[in-house]
Amino acid sequence: MTDTLKNLPQYKALEEHYEAIKDKHLRDLFADETERGKQLAMEAVGLYLDYSKNRITGETMELLLDLARGCELPEAIEAMFSGDKINLTEGRAVLHTALRAPAGTSVVVDGEDVVPDVQAVLDKMSAFCDAVRGGEWVGHSGLPIRNIVNIGIGGSDLGPVMAYEALKYFSARELTFRFVSNVDATDFAEAVADLDPTETMFIVASKTFTTIETMTNANTARQWLLHHVGGDESAVAKHFVALSTNAEKVSEFGIDTANMFEFWDWVGGRYSMDSAIGLSTMLAVGPAGFREMLAGFHEMDEHFRNAPLEKNLPVLMGMLAVWYSNFFGVETTAVLPYEQYLKRFPAYLQQLTMESNGKSTTVDGERVDYETGLIYWGEPGTNGQHSFYQLIHQGTRLIPCDFIAFAKSLNPIDDHHDILIANVLAQSEALAFGKTDAEVRSEGTQDWLVPHRVFEGNRPSNTLIGERMSPAMLGKLVALYEHSVYVQSVIWNIDAFDQWGVELGKVLAKAIIPELAADADSVLDHDSSTNALIERYRKMK
Ligand code: F6P
């Protein structure tokens, strides 16, 4: 990019356009364009996106796509897929798309085709999963594995947990899955409280194999196992596997690298659920189910790479996020899946979106003079309706929503699914069109109560509809958001693939750990607040 975002003529055109349409109400937009609901919608790879209930006109989308071209989005998309080192601050390629490239295709990084390596790890994972699921892999005392405990944090936890919950319907019910992430010992203690160590497999998932939470939990798990097998170290090989890019640290920890499933530095932690980090997912749904999920990811990748911008789902969603963030000054977006299996999807998206785009420095090292990453949050519907939706409907803030729903339930019981879907449709309708003063009065509402019962409406949303939840559908959905995040980062000219902002806290915590254990009178050298808090903790612990 040669110019800063706000100086681009395409950005200025959008500023002018925003002034012209910012007060238009969705009621009027729908009244003026009778086919709007069908025109501002796009279907691709089995996902239907209705984006008509956004505060846009056809011209808005044209201008947003002009901006995308002005920011060289098509070139940036190609750069990602072709393995350019677009993670500039870490000097790395960004190739989560290679993790789902079909066997026989080729993706070259530093002169080497990585697809054969990816496929080899998938084959190794498959053989392991078949052995565990088939009962051939036995633990130290000769019993088959019945419990899987994934130990990891951030991208080494959120993806695996989310995918396990999302695909539970397709999972091996005879296996118990637990996920330990927090260094709070309660997480570990509760996860294993009812497990038999001789039937338990620990998956230590860490890209770096240095993350303090994961290493602390993994060591505790090791002691827990050894305690139950009379200290026999040979048990570790039967009950621990590692998922990592760091073979050296894995073997230092005491896990045989034969029991390590590898991935590579061109896979970011938050983009790694389809790498070896997905071993727990593969154990749950089996190798075929995992490959189905990868095929879903790949379908969305191909769509993102090849579809014209105006028909490109991640581009449309990404540019709408830019529209709200940079022009309406919106700060948050709610993701509201009307699918119980997606209950951890908003939490997963929080890392994906906010660790990626929570940046205030451009790739050229300049401080941005515009807003970047939106705050993502959400809960499954209909639960959220009975908690925070009030604020979305009648609060003072504008909160665009992504509704996600499926035409078919995996658990069709009576009329549950129609009730669920009626609710998601009703919510986006109510948010967009509201209820006017006249409508409230026509119901015979007393004058004083009218203002309380008016819904302004004009609150935007996307609605995504797929046929039903499945491994492939999950892959498509995750890839959709991954690519939408990238689109936003290209417009904002930031590196979506580093995360320097998490470092300082880690360094400071390392310094504080020994201070907490030191004598009560040992001198502290922090600010007066931190000093006082440490002193208080020392007294109270
Ligand atoms: O601290 C942030 C982070 O580096 C995330 O980006 C990452 O997903 C998480 O920690 C876990 O890292 P690792 O997989 O290396 O243990």
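Worth saying up front: this structure is predicted, and the values here are computed from it rather than measured.

Trainee: Help me out: how do you make sense of the nonpolar core in this one?
Mentor: Burial of nonpolar side chains together is a common tendency in soluble globular proteins. Ranked by internal contacts, the top residues of the largest apolar core, which has 131 residues, are Trp 266, Phe 345 and Leu 474. It is helix α19 (residues 471-492) that contributes the most residues to this core, 13 residues altogether. Aside from chain neighbours lying at most four places away, what touches Leu 474 is Met 162, Ala 163, Ala 166, Leu 167, Met 273, Met 293, Leu 342 and Met 469. In this structure, Val 149, Ala 191, Phe 209 and Trp 224 belong to the second largest nonpolar core, which totals 25 residues.

Trainee: What's the story with the UniProt feature "active site" (unreviewed entry) in the protein in this structure? I'm lost.
Mentor: If you check UniProt for "active site" (unreviewed entry), the listed places come out as Glu 355, His 386 and Lys 506 in our numbering. Across 152 residues in sequence, these annotated residues place their C-alpha atoms as far as 37.3 Å from one another, rather than forming a single compact spot. Mapping Lys 506 onto the fold places it in helix α20 (residues 503-517). Accessibility expressed as a relative area gives 47% for Lys 506, which makes it partly exposed.

Trainee: Explain the pairing of strand β7 (residues 200-205) here, please?
Mentor: Regular strands place side chains that alternate from one sheet face to the opposite one. In terms of residue burial, β7 counts as a mostly covered element, since 6 of its 6 residues are buried. In this sheet, β7 lies alongside strand β5 (residues 147-151) in parallel orientation, the contact comprising 5 bridges. For Ile 151, the partnering residue across the bridge sits in β7 and is Val 204. Direction of pairing for β7 relative to strand β8 (residues 240-244): parallel, over a ladder of 4 bridges. Its bridge partner lying in β8, Phe 202 is registered against Phe 240.

Conventions adopted
Residues numbered from 1 in each chain as written. Predicted model: local features only at pLDDT ≥ 70, side-chain atom pairs only at ≥ 80, totals over all residues. Heavy atoms only, no water. Core = buried A, V, L, I, M, F, W, Y, C linked by side-chain atoms within 4.5 Å. Buried < 20%, exposed > 50% of the residue type's maximum accessible area, 1.4 Å probe, protein only. Helix = DSSP H or I, 4+ residues; strand = E, 2+ residues; numbered from the N terminus. Contact = heavy atoms within 4.5 Å. UniProt positions renumbered as here; feature names shortened; annotations may be inferred. Pairing = 2+ DSSP bridges.

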